[in-house]
Amino acid sequence: MLRVGSKTACMACRNLVSTNMGVRFRFPLQKLHPLSRAIHHRYSGNTNPQRPPHRTAARYFTSLSRLPMRPSKPPSGSGGRTYQQKRNFWVARLAARLLKLRYILLGSAVGGGYTAKKTYDEWKDMLPDFSEYNWVIPDFVWELSEQIDLDKLAKALPEMEEIAKLLPDLDKIGENFTFLKSLLSSETSSDPALKATDSSTAATHDASDKQYKKGLLGELILIQQQIQRHEEEVRRTAAANSARPLPPEPAPSPPPNPSPPQQKRKSSDKEKVDQLQEELLRTQLKYQRMLERLEKENKELRKVVLQKDDKGIHQRKVKKSLIDLYSEVLDILSDYDANYNTQDHLPRVVVVGDQSAGKTSVLEMIAQARIFPRGSGEMMTRSPVKVTLSEGPHHVAMFKDSGREFDLNKEEDLAALRHEIELRMRKSVKEGQTVSSETISLSVKGPGIQRMVLVDLPGVISTVTTGMASDTKETIFSISKAYMQNPNAIILCIQDGSVDAERSIVTDLVSQMDPQGKRTIFVLTKVDLAEKNLASPSRIQQIVEGKLFPMKALGYFAVVTGKGSTGESIESIKDYEEDFFQNSRLLRDGMLKAHQVTTKNLSLAVSDCFWKMVRESVEQQADVFKASRFNLETEWKNNYPRLRELDRNELFEKAKNEILDEVISLSQVTPQHWEAILQKKLWERVSTHVIENIYLPAAQTMDSGTFNTTVDIKLKQWTDKQLPHKALEVAWETLQEEFARFMAEYRGKDQDDIFDKLKEAVKDESIKRHKWNERAMDSLRVIQHNALEDRSITDKPQWDAAIQFMEETLQSRLKDTDSVVRDMVGPDWKQRWLNWQNRTPDQHIRNETKNELERLLKLHDDHTAYLANDEVTTVRKNLEGRGVEVDPVLIKDTWHQLYRRHFLQKALAHCNLCKRGFYYYQRHFVDSELECNDVVLFWRIQRMLVITANTLRQQLTNTEVRRLEKNVKEVLDDFGEDMEKKTQLITGRRVQLAEDLKKVREIQEKLEAFIEALHKEK
């Protein structure tokens, strides 16, 4: 709203004021037209109710009402003003009529605009907030929209005119071919020798002319036919000249000189033949250059198209090419151990040849990159290398099991690729071997590369040299035969042209595998050296025509793969090869055909043959694998109907989870169980040492002071040297036994016995790797020493516990000693009468010795632990008096066991007396004849066992169980990465059947996908 004067105007009044003026005019409301005032007062109320209106008698009018009535006559005093009003009255009526139409339009516009704005605001409020749905659009789209300037991208794209410049000028090419065709036709019509062609050839020529007269391809084929026709006419003319008979010579007179017209005619024929051959070579060269230029332009255009298609490679799923699908099938088959007579009969190109014949160089020329390691005269190819060639925008190479791409246009990447191939070859060769049958899979992509799969095999050798395994020659032959015996494999036989043909070994091998030559392509390498060294070039012609070797082939080719330098690039080798054949006598004299030379023609021929073989055989192979899958599935359903088809890797993962569950169960063992087992096992391990080396020697002393001193010394020596080691050995053995116990208990719960070997191997390897913490021994030694130093028994229950421990120990030892004595002396009289047993002579002697020594102990109850020499002599003489011959050593051995039993019996009696000796112990045995220092010794030993068991239990539960679990995980991870180990530990027909089923299904699915893509390409 605007303020006009001191009043507030409505929108209609505001529009009456021009907004384009630089000055704001203030009009009082009274000066407005009456109609404006009426409209204003109709739609806006009075803002000041106290103020009276200007005209009390004013009527309210709208734009649709009639004009207001003429005001009453003013008084006569007004004079000229009244006359002016009367004179201008018709003007006011006309203005009112016009204003009426104006305000109708103005009001309609204002009302319609307001209504439209209100409707738009309501519609806008009804829309949802789309900012909440930004998550639907991927983040990389927002990043691309921020980073990519579409305007710059559109400006960077080439214009149609620039793309048209890259295309070949087909009009010029057509003119050139037309001129060349007319030239050849004129030469043919002017030469009388070329006019003598038969009617069949002319008819064939006319038919072919009508068939190919349209299009660039027709022109090329016509020219090639004319060139072949020229070659045939040249040969016929040369043969006619050589076969022309000479005039007869008269006997009496010398032969006359030929007339000048005859000489002129002969020279003219020879010149025409030479001229025709030169013209033919020039035509071939011109035709070859034209084809090369067209292929180069086609290659550049194809690269542009592939790069355009490659722009969205990260935004959509990459569609695999036809050759990549086929290569995946071959990779799976290379790892598949065929059963049920299912063999790999899928086509591939097998490259075979003698060592250093140029196999690898030919393959590099086909791949257009020097990707293989090379050496002078030594064996470089030590294992089969499968190379999958395909077309792509960039010249790169990649291994099957690696994600790294090697840029073949960079020398450092080429060197890294050659080094990686050499490392993989050496790694695949087992110790003591020279070559390996393990296949290295490599893919090479680049513009203009022919699609095919080649396998480079180790070169065939005739002699095993120093440093090679003795079976190297036979191994290479077996590998080559294994690949060539595939009836659908294309054999690319490489023969060195610079050596004598009689030295070839591979030709005999190829003729054995393919005697009819239906799938063999013969390649003669190093033709430049052969032409230079051979005295008869016709020998090369015999080779490429298949007349020299006793083998047949689909085609014969001659190539040159460089000058022998390792630093040559592929482009320089191509140039050298083209220059050589352009200037070679072999091609000029017609010994070689144009389509039989250069590696380029070779790669085209091999690719065509490869795909022809694939289309003929792949569906048959798919049917074979389908039948094999049906047989395997039927066997599984009959033998294992309720088991899932788990292959070796899946079974290993299942066993891995079970073993880890068993290891975790060790942490659920209670502390009381650990301490009881540890205390029992530790006492079993050290009890013999305590009784024999500590208690018995100390008990031989005469007083308590000497007893305690001897005990302290021996305990200190034992603690410093043996006791901690024994304790750790006991703890480690206890951990092993508990681990094995849990695995055995878990095995009983519907456990699959197929995992037994794996679990046993994991347990043994984990225990072998586990080592106890070395710092635990030092702390354990201190704890044990402090425990053995303590002699204070605080209460009667501890005294009674020591008495019980001592009594149990002595009784156990006495029982063992009695058993030893019975074995020494044999059965007593009851066993002899009841069981019909007799004593052996040795037992009889020992029994007599025992009786004599027992009489000695009765006489001397406090006898020492050792017999004196005179006592031994006395016992021996007494036995001899009874007719028993005995050895002194036997007497001492028997005395040891008898005295031991006597001592233990006395110690047990003393132990019974000490049961009531706790009162005297508290008084330090003062004024008492009873001394129980041996009870204190056993209490010290018992307390040491309890404290040691508690310490070992803490180490087990806090540290060693977790370390064992970690070792088990490491062992399982190592076994999981070692396929050979898994094959050894998870065996059986069930496993092999599941493995075969998985492989056959995967192969069949890949083959079906490849066949579908192959049909689409057709």
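Each chain carries its own residue numbering, running from 1 in the written order of its sequence. Reporting in this predicted model follows two pLDDT cut-offs: at least 70 for local features of residues, and 80 or more for side-chain atom pairs to be given and counted; totals over whole chains, interfaces and linings ignore these cut-offs and use all residues. Hydrogen atoms and water are omitted, and side-chain values are computed over all heavy atoms in the structure.

Q: Help me understand the packing of helix α29 (residues 796-825) against helix α31 (residues 841-859) in this model?
A: Helix-helix packing is described using two parameters, namely the angle between the two axes and the distance between the axes. Contact geometry for α29 and α31: axes closest at 7 Å, N-to-C directions at 125°. The pairing of α29 with α31 is recorded here as oblique in orientation. Across from Val821, Asp823, Met824 and Val825 in α29, the residues of α31 making contact are Gln843, Arg846, Asn847 and Lys850. By the convention adopted, Pro, Cys, Tyr, Trp, Phe, Met, Ile, Leu, Val and Ala count as nonpolar, Lys, Arg, Asp and Glu as charged, and the other residues, Gly among them, as polar. Tallied by class, the residues present in the contact of α29 with α31 amount to three nonpolar, two polar and three charged. For helices, the axis comes from a line fit to the C-alpha atoms of the stretch in contact; other axes are also lines fit to C-alpha atoms, and the angle between any two N-to-C directions lies between 0 and 180 degrees. Think of it this way: any DSSP run of H or I at least four residues long counts as a helix, any run of E at least two long counts as a strand, and we number them from the N terminus. What sets the label is the angle itself: under 35 degrees gives roughly parallel, over 145 gives roughly antiparallel, 65 to 115 gives roughly perpendicular, and the rest give oblique. By the convention used here, residues are in contact when the closest approach between their heavy atoms is within 4.5 Å.

Q: What is the right way to read the confidence of the model for the protein from this model?
A: The predicted coordinates ought not to be read in detail in places where the model reports low pLDDT. Averaged over every residue, the pLDDT of the protein is 75; the share at 70 or more is 70%. Low pLDDT (under 50) marks residues 186-217, which in the prediction has 32 contacts with non-local residues, meaning those over four places away or in another chain. Under a pLDDT of 50 for its full length, residues 310-318 has, in the predicted model, seven contacts with residues more than four places off or in other chains. Confidence of the predictor in every single residue is expressed as pLDDT, which spans 0 to 100.

Q: Please clarify how a nonpolar patch on the surface should be interpreted in this entry.
A: What makes a patch is a set of residues exposed beyond 30% relative accessible area and free of salt bridges, joined within 9 Å when like-charged and within 5 Å when nonpolar (Val, Leu, Ile, Met, Phe, Trp, Tyr). We get accessible surface area from the Shrake-Rupley algorithm with a probe of 1.4 Å; when it comes to residues, only the shown protein chains can shield them. In what follows, salt bridge is the name for a side-chain nitrogen of Lys or Arg lying within 4 Å of a carboxyl oxygen of Asp or Glu. A contiguous nonpolar patch, built from Trp829, Trp833 and Leu834 and spanning about 480 Å² of accessible area, is present on the exposed surface. Tracing the backbone shows Trp829 in helix α30 (residues 829-834).

Q: Would you mind showing me how to read the nonpolar core here?
A: When a protein is soluble and globular, its nonpolar side chains tend to lie buried together. Only buried residues count toward a nonpolar core, which is a set of Ala, Val, Leu, Ile, Met, Phe, Trp, Tyr and Cys residues joined through side-chain atoms within 4.5 Å. For every residue, the accessible area (1.4 Å probe, protein chains only) is compared with the maximum for its type, and the residue is labelled buried under 20%, exposed over 50%, or partly exposed between those bounds. Within the largest apolar cluster, 101 residues are counted, with the highest numbers of intra-cluster contacts made by Tyr695, Trp718, Trp799, Ile941 and Val968. Residue contributions to this core peak at 17 residues, all from helix α35 (residues 933-977). Setting aside residues up to four positions removed in sequence, Trp799 forms contacts with Ile793, Cys914, Lys915, Gly917, Phe918, Tyr921, Phe925, Cys932, Val935 and Val936.

Q: I'm lost on the sheet that holds strand β3 (residues 349-353) in this one. Help?
A: Pairing between sheet strands relies on hydrogen bonds along the backbone, with the strands arranged either parallel or antiparallel. The mixed open sheet is built from nine strands, whose spatial order is β6-β5-β7-β4-β8-β3-β9-β10-β11. Two strands close off the open sheet at either side, each with one partner strand: β6 (406-407) and β11 (555-558). Here, strands pair whenever DSSP counts at least two bridges between them. Sheet topology places strand β4 (residues 385-391) next to strand β7 (residues 440-446); seven bridges connect them, and they run parallel. When the bridges of β7 are listed, Leu389 appears paired with Val444. Against the sheet, helix α17 (residues 506-513) makes contact with β3, β9 (490-496) and β10 (520-525), and its axis sits at roughly 160° relative to β9, the strand it touches most.

Q: I keep staring at empty space enclosed by the protein and nothing clicks. Help me out?
A: Regions of empty space are outlined by a rolling probe, equal in size to a water molecule, passed over the atoms. Put plainly, a pocket is an open set of points on a 1 Å grid over the protein atoms alone with protein on both sides within 12 Å along at least five of seven lines, a cavity is a set where a 1.4 Å probe fits but cannot get out, and a lining residue has an atom within 4 Å of a point. Grid points are joined across faces, edges and corners, and a volume is the space filled by probe spheres set on the points. Tallied over the full model, the rule gives three cavities of 30 Å³ or more. Put simply, the second largest cavity is a space of about 40 Å³. Taken together, Asp712, Leu715, Lys716, Thr719, His785, Leu788, Glu789 and Arg940 make up the full set of residues lining the second largest cavity. For the lining of the second largest cavity, the elements supplying multiple residues, two or more each, are α25 (704-721) and α28 (775-789). Looking at the lining of the second largest cavity element by element, the count peaks at four residues for α25. Residue composition of the lining of the second largest cavity, by class: two nonpolar, two polar and four charged.

Q: Which parts of the structure should I look at to understand helix α15 (residues 411-428)?
A: Since the α-helix advances by 3.6 residues per turn, residues separated by three or four positions end up pointing in the same direction. Between the first and last residue of a helix there are one fewer steps than residues, each counted as 1.5 Å, and that sum is the expected span. For α15, built from 18 residues, the straight-helix expectation of 26 Å at 1.5 Å per residue is met to within 8% by its first-to-last C-alpha distance of 26 Å. Among the residues of α15, those classed as buried are Asp413, Leu414, Leu417, Arg418, Ile421, Met425 and Ser428. End-on view of α15: buried residues confined to an arc of 140°, all on one side of the axis. The outward face of α15, more than 90 degrees from its buried face, is lined by the exposed residues Glu412 and Lys427. Elements that come into contact with the buried residues of α15 comprise β4, β5 (396-399), β6 and β7. Here the arc refers to the set of directions running from the helix axis out to each C-beta atom.

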